[in-house]
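Summary of the model geometry
Spelled out, the chains give:
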Amino acid sequence: MSDCLFCRIVAGELPAKVLYQDDDVMAFHDINPQAPLHALIIPRKHIATLAELPEEDTALAGKLFQVAKKLAAEQGYAESGYRVIMNCGKHGGQVVYHIHLHLLAGKQLHGL
Ligand code: AMP
Ligand code: ZN
């Protein structure tokens, strides 16, 4: 998936400010942060959208949330709270077609 931006970050071909990584998951700062903490949490494996998440990757998807929780706590946002979002497809506002959780923290968020 050399044409996928996030696969290129996983491969080390593009720079990222990495916050966390293990064999399955990477987290890095969003290049255009919408909150004091705006991290993206992605599987190393290329999965284009939530709509294409294979049944057998259910645990992998769950791990993204575990990493979000861990990062939020590490950065001191466990008590103040935070938002975790995944956009899916055109109307969902997805721009990068490699699934990712947005973790937003550090300010009061409103609405959806
Ligand atoms: P989405 O709209 O859910 O697909 O979100 C894509 C996110 O990726 C946006 O918040 C972008 O700011 C972010 N983004 C795009 N390119 C990069 C990059 N090279 N490094 C980090 N974040 C990026
Ligand atoms: Zn990819």
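You'll find the structure just up there.
The next point concerns helix 2 (residues 58-74). Between its first and last C-alpha, helix 2 extends 25 Å over 17 residues, near the 24 Å set by a 1.5 Å rise per residue. On its buried face, helix 2 is in contact with strand 1 (18-21), strand 2 (25-29), strand 3 (37-43), strand 4 (82-85) and strand 5 (101-105). Phi turns positive one or two residues past the end of helix 2, at Gly76, with a value near 90 degrees.

As for its placement among the helices and strands, Asp30 is situated in the loop between strand 2 and strand 3. Owing to a relative accessible area of 14%, Asp30 belongs among the buried residues under this scheme. Sequence-distant contacts of Asp30, that is, excluding residues within four places in its chain, are made with His38, Ala39, Leu40 and His102. Within the local environment of Asp30, its side chain forms a polar contact with the backbone nitrogen of Asn32, the two atoms lying 2.8 Å apart.

Before going further, it helps to examine the site of ligand 1. Around ligand 1 sit 16 residues in total, of which Asp30, Asn87, Val95, His100 and His102 are the nearest. Note that an oxygen atom of ligand 1 is positioned 2.5 Å from one of the side-chain N or O atoms of Asp30. Between ligand 1 and the protein, one listed contact pairs an oxygen atom with a backbone N or O atom of Val95 at 2.7 Å. In isolation ligand 1 offers 500 Å² of accessible surface; the protein chains occlude 82% of this area. If you list the elements that add at least two residues to the shell around ligand 1, you get helix 1 (5-10) and strand 2. Tallying contributions element by element places helix 1 first for the shell around ligand 1, with three residues.

What counts, and at which threshold
Residues numbered from 1 in each chain as written. Chains lettered and ligands numbered in written order. Predicted model: local features only at pLDDT ≥ 70, side-chain atom pairs only at ≥ 80, totals over all residues. Heavy atoms only, no water. Helix = DSSP H or I, 4+ residues; strand = E, 2+ residues; numbered from the N terminus. Expected span 1.5 Å × (residues − 1). Contact = heavy atoms within 4.5 Å. Buried < 20%, exposed > 50% of the residue type's maximum accessible area, 1.4 Å probe, protein only. Polar contact = N/O pair within 3.5 Å; in protein donor to acceptor, adjacent residues only side chain to side chain. Near = heavy atom within 4 Å. Areas by Shrake-Rupley, 256 points an atom, 1.4 Å probe, with all protein chains shown as cover.

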